[in-house]
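# Fold and geometry: a report
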Amino acid sequence: MSLLGRLLRNRRAGETHMAWNMPHLQGPASLTLTSRNFGDGDPMPLEQCAKTIRGADLSPHLAWTAPPSGTALLLLVVEDIDVPMAKPAVHCLALIDPAAGHLDPGALGVRQPAPGVRLLRSTIGRGYHGPAPIKGHGPHRYTFQLFALAAPVDLPEPERARPRAFLPAVTAPVLARGRLTGVYER
């Protein structure tokens, strides 16, 4: 166990400031979000983890039930809610065409995102960034949150906005939402 991990063991961002709990992103939790790579609450495979810890930084397969009619856009937010900071770290932020239906492994890669995927800035950079928690800090929960929006995001250049500026700017009504949590510990 590392000294830093032990020192920060009880310090975690928590769920309060995650996208799921933002008042303007509330809506019926009627989307079911799943992955072939891990189940809800289960450990994430090493290939989904960051290269810095010998992972492949490969975004997982994600699938969801059909969004309600009138969905203009899907918003995917991946957050580490156990990072030792005041707010969760955004590991991926993407806008997805609702016709997609699923994302294959690697579909959120910055070099070659899947068709219908627009990658936005995250806390770490653009595209998917897998788990790499501090050694000895304990288990980290990575929440994959999917929001079905009734209208496109009304920002002139959403790709340039930082996550904590972008997320509050989403004003479209949320028609449905779903979430999936993976866990990783070093």
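Let us look at the structure shown here. Computed from a predicted model, the values in this text were never measured in an experiment. (Residues numbered from 1 in each chain as written. Predicted model: local features only at pLDDT ≥ 70, side-chain atom pairs only at ≥ 80, totals over all residues. Heavy atoms only, no water.)

## Some words on the overall build of the chain
Counting secondary structure elements, the chain contains two helices and nine strands. Of the regular secondary structure in the chain, the N- to C-terminal order runs α-β-β-β-β-β-β-β-β-α-β. Rg of the C-alpha trace for the chain: 16 Å, near the compact-globule value of 16 Å for 186 residues, within the 12% margin. Among the 186 residues that make up the chain, the fraction classed as buried is 49%. (Helix = DSSP H or I, 4+ residues; strand = E, 2+ residues; numbered from the N terminus. Rg over C-alpha atoms; globule rule 2.2 N^0.38 Å. Buried < 20%, exposed > 50% of the residue type's maximum accessible area, 1.4 Å probe, protein only.)

## As for the environment of Gly39
Mapped onto the secondary structure, Gly39 falls in the loop between β1 (33-34) and β2 (42-43). Judged by its relative accessible area of 24%, Gly39 is partly exposed. Sequence spacing of Gly39 and Ile96 is 57 residues, and the spatial spacing of their C-alpha atoms is 22 Å.

## Digging into the packing of aromatic side chains
Inspection of the entire model under this criterion finds two aromatic pairs. Each ring, one from Trp20 and one from Phe147, has its centre 6.0 Å from the other, and the planes form 45°; the classification is tilted. Highlighted residues: Trp20 in the loop between α1 (3-7) and β1 and Phe147 in strand β8 (residues 140-149), separated in sequence by 127 residues. Each member of the pair, Trp20 as well as Phe147, is classed as buried. Aromatic pair Phe38 and Phe144: ring centres 5.7 Å apart, planes at 45°, arrangement tilted. (Phe/Tyr/Trp six-rings, centres within 6.5 Å; stacked < 30°, edge-to-face > 60°.)

## Digging into unusual backbone geometry
With a phi angle near 75°, Arg54 is a residue other than glycine that sits in the positive phi range. Tracing the backbone through its elements, the reader meets Arg54 in the loop between β2 and β3 (62-64). Overall, Arg54 belongs to the exposed group, its relative accessible area being 75%. Here the phi dihedral of Asp57 falls at roughly 55°; this positive angle occurs in a residue that is not glycine.

## What about the sheet that holds strand β6 (residues 102-103)?
Sheet architecture is open: three strands sit in the order β1-β3-β6, paired in antiparallel fashion. At either margin of the open sheet sits one strand with a lone partner, and together these are β1 and β6. (Pairing = 2+ DSSP bridges.)

## Examining the pairing of strand β9 (residues 174-184)
Summarising burial for β9: nine of the 11 residues are buried, a large majority. Summarising the sheet, β2 and β9 pair through two bridges and their orientation is parallel. Residue pairing for β9: Pro43 is matched across the bridge by Val183. Note that β8 and β9 share 10 bridges and pair antiparallel. Considered in β9, the bridge of Phe144 is made with Leu180.

## A short note on the pairing of strand β5 (residues 89-96)
In terms of burial, β5 is largely enclosed, as eight of its eight residues are buried. Pairing between strand β4 (residues 73-80) and β5: seven bridges, direction antiparallel. Note that in β5 the partner of Glu79 across the bridge is Val90. By the bridge criterion, three bridges tie β5 to strand β7 (residues 117-119) in an arrangement that is antiparallel. If you follow Leu95 over to β7, its bridge partner there is Arg118.

## Some words on the side chain of Ser35
Here Ser35 is to be found in the loop between β1 and β2. Given the relative accessible area of 14%, Ser35 is considered buried. A distance of 3.0 Å separates the side chain of Ser35 from the backbone nitrogen of Asn37, its partner in a polar contact. A polar contact of 2.6 Å, which involves the side chain of Ser35, links it to the backbone oxygen of His61. Setting aside residues no more than four positions away along its own chain, Ser35 makes contact with Pro60, His61, Leu62 and Leu180. (Polar contact = N/O pair within 3.5 Å; in protein donor to acceptor, adjacent residues only side chain to side chain. Contact = heavy atoms within 4.5 Å.)

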